[in-house]
Amino acid sequence: FGHEKGAFTGAITSRIGRFEMAEGGTLFLDEIGDMPLSMQVKILRVLQERTYERVGSSRTQSADVRVIAATHKHLEDMIETGDFREDLYYRLNVFPIEMPALRDRVEDIPLLINELISRMEKEKRGSVRLNSAAIMSLFRHNWPGNVRELANLVERLAIMHPYGVIGVQELPKKFRYVDDYDENRPVEDSGMPSSIPGLVGLDAPALLPVNGIDLKDYLSNLEKQLIQQALDEAGGVVARAAEKLRIRRTTLVEKVRKYGLRDEESEES
């Protein structure tokens, strides 16, 4: 909210606050779930009355600001425990945008990697490429750190293997999930069907074939084959297959229905 000169010890000059800076624009409040209750009250007042005062000032100022808030916490649970104000939650939750965890949208990983590498190249911070085996291995990771964890991994690989081609063995140990596959084997012998449109061999140094691929169809077919393999290895037990794929059981059930991998009778059993 800013402060006036002399409002407190060390306030040798006046300073405008973030709401004043964002006047007529947008203010982004990151990690709103970590905000103390005392500050929540002040934010609520701005959202309700569209007014505020600088610290040490008696002059009320109006606020014409669009507020976007983000959090990784479950605010509904925090409301139950008294750590987050319910009235502030409903003030902020006018137009919610839910971002699924990366483990629930692994099909985005190749696109995100390309974007992260592109940014590094533009900033002249090096580059790197991942082969198909490495990408499949990353599909199986749980990604507790979401996209930030992926970004850190790509940057680390670019430092350790500048302008190199990354296979499974170049990945840090915790990202290696396909060690049983021989990266030098042809795709027909790797357990992955060669009939998947656009599928590149595991030893290929590039992700994109010369003639291009239908990325959506390729990822859908790849996902379908991995799900079928997980179900086969788990003896048809959905819970075990979901554990192998590092996804929720309900998510796997939806994908099984989507791809028609089992008939209704076997699904019920």
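Residues numbered from 1 in each chain as written. Predicted model: local features only at pLDDT ≥ 70, side-chain atom pairs only at ≥ 80, totals over all residues. Heavy atoms only, no water.

### A few points about the overall build of the protein chain
Counting its secondary structure elements, the protein chain contains 11 helices and eight strands. In the protein chain, which comprises 269 residues, the share counted as buried stands at 36%. A fraction of 63% describes how many contacts in the protein chain between residues 6 or more apart in sequence connect residues 24 or more apart. Carbon and sulfur atoms form 49% of the exposed surface of the protein chain, whose accessible area is close to 16500 Å². (Helix = DSSP H or I, 4+ residues; strand = E, 2+ residues; numbered from the N terminus. Buried < 20%, exposed > 50% of the residue type's maximum accessible area, 1.4 Å probe, protein only. Contact = heavy atoms within 4.5 Å. Areas by Shrake-Rupley, 256 points an atom, 1.4 Å probe, with all protein chains shown as cover.)

### Quick notes on the packing of aromatic side chains
Under the counting rule described, the total for this entry stands at five aromatic pairs. Here the aromatic rings of Trp143 and Phe175 are separated by 5.5 Å at their centres, their planes lie at 40 degrees, and the arrangement is tilted. Of the two residues, Trp143 is situated in the loop between helix H6 (132-139) and helix H7 (146-160) and Phe175 in the loop between strand S8 (165-166) and helix H8 (215-233); the sequence distance between them amounts to 32 residues. Neither residue differs from the other here; Trp143 and Phe175 are each classed as buried. In textbook terms, an aromatic cluster arises when at least three aromatic residues are bridged by ring pairs, as seen for Phe1, Phe19 and Tyr52. (Phe/Tyr/Trp six-rings, centres within 6.5 Å; stacked < 30°, edge-to-face > 60°.)

### Observations concerning the packing of H8 against helix H10 (residues 249-259)
Angle between the axes and distance between the axes: these two values describe a pair of packed helices. Running from N to C, H8 and H10 point in directions that differ by 115 degrees, and their axes come no closer than 11 Å. Between H8 and H10, the interaxial angle falls into the category roughly perpendicular. The element H8 and its partner H10 pack so that their crossing is left-handed. Along its contact with H8, which presents Ser220, Glu223, Lys224, Ile227 and Leu231, the element H10 presents Leu252, Lys255, Val256 and Tyr259. Residues of the contact of H8 with H10, tallied by class, amount to five nonpolar, one polar and three charged. (Axes fitted to C-alpha atoms, helices over the stretch in contact; angles between N-to-C directions. Parallel < 35°, antiparallel > 145°, perpendicular 65-115°, else oblique. Left-handed = near helix turned anticlockwise from the far one by under 90°. Nonpolar A, V, L, I, M, F, W, Y, C, P; charged D, E, K, R; others polar.)

### Section: the side chain of Gln61
Structurally, Gln61 is set in strand S5 (residues 61-62). The exposure class of Gln61 is buried, given its relative accessible area of 10%. With residues up to four places along the chain from it excluded, the contact list for Gln61 reads Glu20, Arg50, Thr51, Tyr52 and Arg54.

### Some thoughts on the pattern of salt bridges
Going through the model one piece at a time under the given rule, you end up with 14 salt bridges. In this structure, Glu49 engages Arg45 in a salt bridge whose closest nitrogen and oxygen atoms are separated by 3.4 Å. You can see Glu49 and its partner Arg45 sitting in helix H2 (residues 37-49), four residues apart, about one turn around the helix. Note on Glu49: relative accessible area 48%, which makes it partly exposed. The residue Asp108 makes a salt bridge to Arg105 at a minimum N-O spacing of 3.1 Å. Classification of Asp108 as partly exposed rests on a relative accessible area of 23%. According to the relative accessible area criterion, Arg105 is buried, its value standing at 13%. Salt bridges sharing partners connect three or more residues here, namely Glu4, Glu20 and Arg54. (Salt bridge = Lys/Arg side-chain N within 4 Å of Asp/Glu carboxyl O.)

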